[in-house]
Amino acid sequence: FHWSIIFWFNVPLGLIAAAMAQRSLKRLPRHEHKHKLDLLGAGLMTAAAIPLLLALTWGGTRYSWLSAPIAALVLAAAVLSALFIWRLMQAPEPFLPLPVLANPVMRMGTVCTSFSQGVVNGLTIFLPLYYEVVHKFTASDSGLALIPIVVMSTPGSILAGRAMMVLNHYKRVPLIGLACSIAALSVLVWNPATPPIWVAAILSVVAFGIGTTYPVGTVSIQNAVSRYQVGAAMGAMNFFRGLTAAFIVAAMGAILLATLGVAPERGGHVTVMSATAANALGVDLAHVFRGVFALGVVCLIASLIALIRMEERPLRGRSEEIPPVA
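Caption draft 1: A nonpolar patch on the surface, seen in detail. Taken together, the side chains of Phe1, Trp3, Ile5, Ile6, Phe7, Trp8, Val11 and Leu15 make up a nonpolar region of the molecular surface, amounting to roughly 1,100 Å² of accessible area. For the nonpolar patch, the elements supplying multiple residues, two or more each, are α1 (5-8) and α2 (10-25). With respect to the element layout, Leu15 can be found in helix α2. Looking at Leu15, the relative accessible area reads 58%, which means it is exposed.

This is how it looks when you write it as structure tokens:
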């Protein structure tokens, strides 16, 4: 089949998921309460995110980081962000409720999961290039080599989720998991030319450790806000997690291109052009990726610090309500 079938394959899966969700959600009780949707706030947040993501995508590839188009996009994002913040303080029912953003568990939990998820996204994008130019893998083999970092986060998530059901100090599992991830990824910083079989083992440890942060961060946030604010809190967490991931991916790309000394256009010839340019300049291809792995370690350390600072509140039951925040 043509490669584009990978996108069409998601259509039936999405329809099946929608049908399953509808069948389950319609059994939930409805609590009718009139709300006024903050459409202006939603529009301002979207408008602020678009130029910022364009700047992160085009910077260092289509335009220089210090070029006028990138500066204009960043300025536009800053102005629109200021307007969005003003709207949050003025709207009767703001798009992002201020008590949710002021919640310390919400802030630290979002930072923790954002940085850890950003590392996974960044490695998933740049590891195929690493395998192809350092270990001379084919494109198909590079895809297969991603299996450890994709698959091993799930056992970590399951372990942390089960631990939350039996442990009072449920942060211990992700604390140990993130520490192991940092130590494992540091090995690739020390020796980026590690043999592929050991790279797979290292990435398995990294993914397993990062996976432990997902349920703990998510459930802690859900536990810390009012049950009527859970939807807004989860939406905000996912938004900031995606934005942070875009920052980390852009930073990894900038490090890679700066080390290579070239700025190829995005597209199908990135791998060939990068490898050719590096060979012509006498650059050690393994050394090129040391900065990418080092940034991953820094981000995981930031995630660990946020997890340490996140308050470990007792988890409430189904019928319990969190006390109001002073």
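Caption draft 2: Expanded view of the environment of Met252. Mapped onto the secondary structure, Met252 falls in helix α13 (residues 230-260). By relative accessible area, which is 0% here, Met252 ends up buried. In sequence terms Met252 and Leu295 are 43 residues apart; their C-alpha atoms lie 7.1 Å from each other. Once residues lying within four places of it in the same chain are set aside, the contact partners of Met252 are Gly122, Leu123, Phe126, Val292, Leu295 and Gly296.

Caption draft 3: Here's a closer look at the pattern of salt bridges. Within the structure shown, the criterion is met by 2 salt bridges. Among the ionic pairs, Arg313 bridges to Glu311, the shortest N-O distance being 3.1 Å.

Caption draft 4: A look at the environment of Glu311. Assignment of secondary structure puts Glu311 in the segment after α16 (290-309). We classify Glu311 as partly exposed; its relative accessible area is 44%.

Caption draft 5: Highlighting the packing of helix α6 (residues 104-134) against helix α11 (residues 196-211). Interhelical geometry of α6 versus α11 gives an angle of 165° and a closest axis separation of 11 Å. As the angle between them shows, α6 and α11 are arranged roughly antiparallel. Crossing hand, α6 versus α11: left-handed. Contacts between α6 and α11 pair Ser116, Val119, Val120, Leu123, Leu127, Tyr130 and Tyr131 from the former with Val199, Ala200, Leu203, Val206 and Ile210 from the latter. A per-class count over the contact of α6 with α11 returns 11 nonpolar, 1 polar and no charged.

Caption draft 6: Quick peek at the environment of Phe239. In this structure, Phe239 sits in helix α13. Accessibility expressed as a relative area gives 25% for Phe239, which makes it partly exposed. C-alpha separation for the pair Phe239 and Ala49, spaced 190 residues apart in sequence, amounts to 9.7 Å. In contact with Phe239, not counting residues within four places along its chain, are Met45 and Ala49.

Caption draft 7: Main features of the packing of helix α10 (residues 172-190) against α11. Running from N to C, α10 and α11 cross one another at 150°; their axes reach a closest spacing of 7 Å. In this view, α10 runs roughly antiparallel relative to α11, as classed from their interaxial angle. In this structure, the crossing between α10 and α11 has a hand that is left-handed. Only Val199, Ile202, Leu203, Val205, Val206, Gly209 and Ile210 of α11 make contact with α10, whose side of the interface consists of Gly177, Leu178, Cys180, Ser181, Ala184, Leu185, Val187 and Leu188. Of the residues belonging to the contact of α10 with α11, the class tally is 12 nonpolar, 3 polar and no charged.

Caption draft 8: Spatial organisation of helix α12 (residues 213-224). Helix length check: α12 (12 residues) gives 16 Å between terminal C-alpha atoms against 16 Å at 1.5 Å per residue, within 8%. Counted residue by residue, α12 has 10 buried out of 12 residues, so it is predominantly covered. Where α12 is concerned, the buried positions are Thr213, Tyr214, Pro215, Val216, Gly217, Thr218, Ser220, Ile221, Asn223 and Ala224. Packed against the buried residues of α12 are α6, α9 (153-166), α10, α11, α13 and α16.

Caption draft 9: Seen up close, unusual backbone geometry. Unlike most non-glycine residues, Lys136 shows phi in positive territory, near 60°. Looking at the secondary structure, you find Lys136 in the loop between α6 and α7 (139-145). Classification of Lys136 as exposed rests on a relative accessible area of 58%.

What counts and what doesn't
Residues numbered from 1 in each chain as written. Predicted model: local features only at pLDDT ≥ 70, side-chain atom pairs only at ≥ 80, totals over all residues. Heavy atoms only, no water. Patch = residues over 30% accessible without salt bridge, like charges linked within 9 Å, V, L, I, M, F, W, Y side chains within 5 Å. Areas by Shrake-Rupley, 256 points an atom, 1.4 Å probe, with all protein chains shown as cover. Salt bridge = Lys/Arg side-chain N within 4 Å of Asp/Glu carboxyl O. Helix = DSSP H or I, 4+ residues; strand = E, 2+ residues; numbered from the N terminus. Buried < 20%, exposed > 50% of the residue type's maximum accessible area, 1.4 Å probe, protein only. Contact = heavy atoms within 4.5 Å. Axes fitted to C-alpha atoms, helices over the stretch in contact; angles between N-to-C directions. Parallel < 35°, antiparallel > 145°, perpendicular 65-115°, else oblique. Left-handed = near helix turned anticlockwise from the far one by under 90°. Nonpolar A, V, L, I, M, F, W, Y, C, P; charged D, E, K, R; others polar. Expected span 1.5 Å × (residues − 1).

Remember, this is a structural readout, not a statement about activity or role.
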